Amino acid sequence: MVYKSSVGSRIFDAVNIGFMLLLVIVTVYPLLNVIAVSLSHSDYISLGKVTWFPRGFNTKGYGIIFDKPMLYISYRNTVLYAAAGTLLTLFLTSLMAYPLTISKFQLKNGITVFLAITMFFSGGMIPTYLIIKQLHMLNTFWVMVVPGCISAYNVIIFRTFFQNISSELRESAYIDGANDLVVLIRIYLPLSKALLATFALFTVVAHWNVWFNALIYLKDEHRYPLQMFLRSIIFTQQEGQSSQVKDMIQNRQINPKNIQMAAIVITMAPILCIYPFVQKYFVKGVMVGSIKG
Amino acid sequence: MDQTASAKSIMKTRSGTSGPNRFLREFVQQKYLYLMVLPGFLIVLVFAYFPMYGVLVAFKDYNVAKGIWGSEWVGFKYFKQFLDNPMALRTIKNTLILGAYGLVFGFPAPIVLALLLNEIRHTAFKKFVQTVSYFPHFISTVIIVGMIKEFTSLDGLFNQITGLFGLEPINFMTESKYFRALFIGSGIWQGIGWGTILYLAALSNADPTLYDVASIDGANRWQKIRNISIPAIMPTIIILFIMSVGGILGTDFMKVLLMYNPSTYEKADVIDTYVYRLGIEGGRFEYAAAVGLMLSAVSFLFVLITNRLSRKYSETSLW
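None of these values were measured; they are calculated from a predicted model.

A. Layout of the packing of helix α13 (residues 208-216) of chain B against helix α14 (residues 221-246) of chain B. Residue and element names in this part refer to chain B. Between α13 and α14, the least distance of the axes is 11 Å, while the angle of their chain directions is 150°. Relative to α14, the element α13 lies roughly antiparallel. Both α13 and α14 take part in a crossing whose hand is right-handed. Mapping the contact onto sequence places L210, Y211, A214 and S215 in α13 and K224, I228 and S229 in α14.

Following this line, the structure appears as structure tokens:
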């Protein structure tokens, strides 16, 4: 199609492209600034001279963070929570969604209603906390993994996806003597790799970013996820630092911001690195989710 | 005597084949399906339904030893206590204002961006802008607040900018009058790109011949946006609007929790942070649960009302 662009239309395009460039700058600048500050010399930071690039290159902030044993403990915890949580979410959601695609399953409607109710009503923060406390799950590994692993929303999306798989495949597997569990694992799951990959990504990111559940359900530092470590770095004042670090801050060898921004970069790095490659799956995931809505 | 007995037994077996027996046979046939649903069912039961029952604690004098059910009923005691508390007014007001600002500024932002993105013909550039603008969605709240803290500090970015205009540096985080702008602004920064996805999908479903016909008729860009693009995303706008209104009281309180400090409580303390402080930190479970319950009841009412209004004035509604 040939556009006969009027002057007005061209001005519109120019302004629009200008606006988009501004948006890109406003989005990217804060992130680059965080990286730049983490690597700059103390004096440039306190003079407010650090913008896009590091000035007075300095990696002491990273050194201090990497010296903290809690970094490794919380990193390991987050990886474990994310791995266990994601496997559990994918497996249990698949298990629950599959029977809902079989029309003669006696509980099909019952389970659907049972799940749908949870989309509109919840007990809230305090009653949930009390139940978890009564179950003696406070301060355990599983409290970070199990309670949120089944969501009605996910089950419905999985069910919708499974419904598009030809039921003839299932019928012929029955004839070969397979039961439903085998059908799910051997036929349905291999055909749902795209769905599983997308939801694995969403679940991993959610686990990577979680901190509030850790705040209320965990007492022992050694179980804290990465975000709780980051929180302690960003929100504790200088008094929390070791005397050696305090001296460095006093002598202006290092700025507290070096440490804080280094912690942010270390926490964000994995997501930032995989994001460009997996970005399209996230978008697909949203689209799959919106079909039912 | 003998005959009637055998007749009865025959009747019994007959009715049995069409009733419970068939159910049982199907049950046995479907045993794997039952088995598959079981773990998910138990998890939802325990972590979603038990807390719904646990809401009863709001009407009780909670005693750990007696459990939720065994504790003494006290009726609406804690509800009255909250409404009589001067803190109630402050938290309700802050919650409503933050929610309203979110709706007024946060809700239209992705719509505008989606309409503008839709006008970009250069596909690669459009993809690039989208990819960049989605990213902040994946950053954790702790990082977002950490960044706000850095930018608003005395030697941070914001004061560098206001310094250009000769203004004195301010510590934005400790002045309550800046709290709302920081909260809503950072929310838009984080969510504007990701929020366009559903609108862009609706726009890509708009009939391209409509745009061609409009061009032939001499419509300018703005007229095409107003008469073709906006109607194409109207159902999406309405559905998301209903959901946003339902969420108006559901402040992102975890972000507030990281952002606020005693010097900004006056503007920042919302119902959920109050519930957290009193319930989890203070151990006043019944009172906090009562406040939480009131909040969800009102939220649910909001969704019902907006949905009703939307069904009345447009064809779109959630149900």
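B. Summary view of the UniProt feature "domain: ABC transmembrane type-1" (unreviewed entry) in chain B. With numbering matched to this structure, UniProt assigns "domain: ABC transmembrane type-1" (unreviewed entry) to residues 92-306 of chain B. Across residues 92-306 of chain B one finds 73% helix and 0% strand; the C-alpha atoms that close the span lie 20 Å apart.

C. Spotlight on the packing of aromatic side chains. Counting across every chain of the model gives 38 aromatic pairs over all chains. Both rings, one in F199 of chain A and one in F202 of chain A, keep their centres 6.2 Å apart while their planes meet at 50°; by these two values the pair is tilted. With F199 of chain A and F202 of chain A both in helix α10 (residues 193-209), this residue pair falls three residues apart, about one helical turn. For F199 of chain A, a relative accessible area of 6% corresponds to the buried category. Exposure remark for F202 of chain A: the relative accessible area of 24% places this residue in the partly exposed category. Between F151 of chain B and F158 of chain B, the aromatic rings sit 6.5 Å apart at their centres with planes inclined by 20°, giving stacked as the arrangement. A relative accessible area of 29% places F158 of chain B in the partly exposed class. The structure contains a cluster of three or more aromatic residues connected by ring pairs, namely Y98, F158, F162, Y188, F199, F202 and Y275 of chain A together with Y134, F135, F138 and W194 of chain B. Seen from the ring of Y265 of chain B, R277 of chain B lies directly overhead, with NZ or CZ sitting 4.7 Å from the centre. It is R284 of chain B that lies over the ring of Y287 of chain B; its NZ or CZ is 4.3 Å from the centre.

Quick notes on the rules
- Residues numbered from 1 in each chain as written.
- Chains lettered and ligands numbered in written order.
- Predicted model: local features only at pLDDT ≥ 70, side-chain atom pairs only at ≥ 80, totals over all residues.
- Heavy atoms only, no water.
- Axes fitted to C-alpha atoms, helices over the stretch in contact; angles between N-to-C directions.
- Helix = DSSP H or I, 4+ residues; strand = E, 2+ residues; numbered from the N terminus.
- Parallel < 35°, antiparallel > 145°, perpendicular 65-115°, else oblique.
- Left-handed = near helix turned anticlockwise from the far one by under 90°.
- Contact = heavy atoms within 4.5 Å.
- UniProt positions renumbered as here; feature names shortened; annotations may be inferred.
- Phe/Tyr/Trp six-rings, centres within 6.5 Å; stacked < 30°, edge-to-face > 60°.
- Buried < 20%, exposed > 50% of the residue type's maximum accessible area, 1.4 Å probe, protein only.
- Lys NZ or Arg CZ within 6 Å of the ring centre and 35° of its normal.

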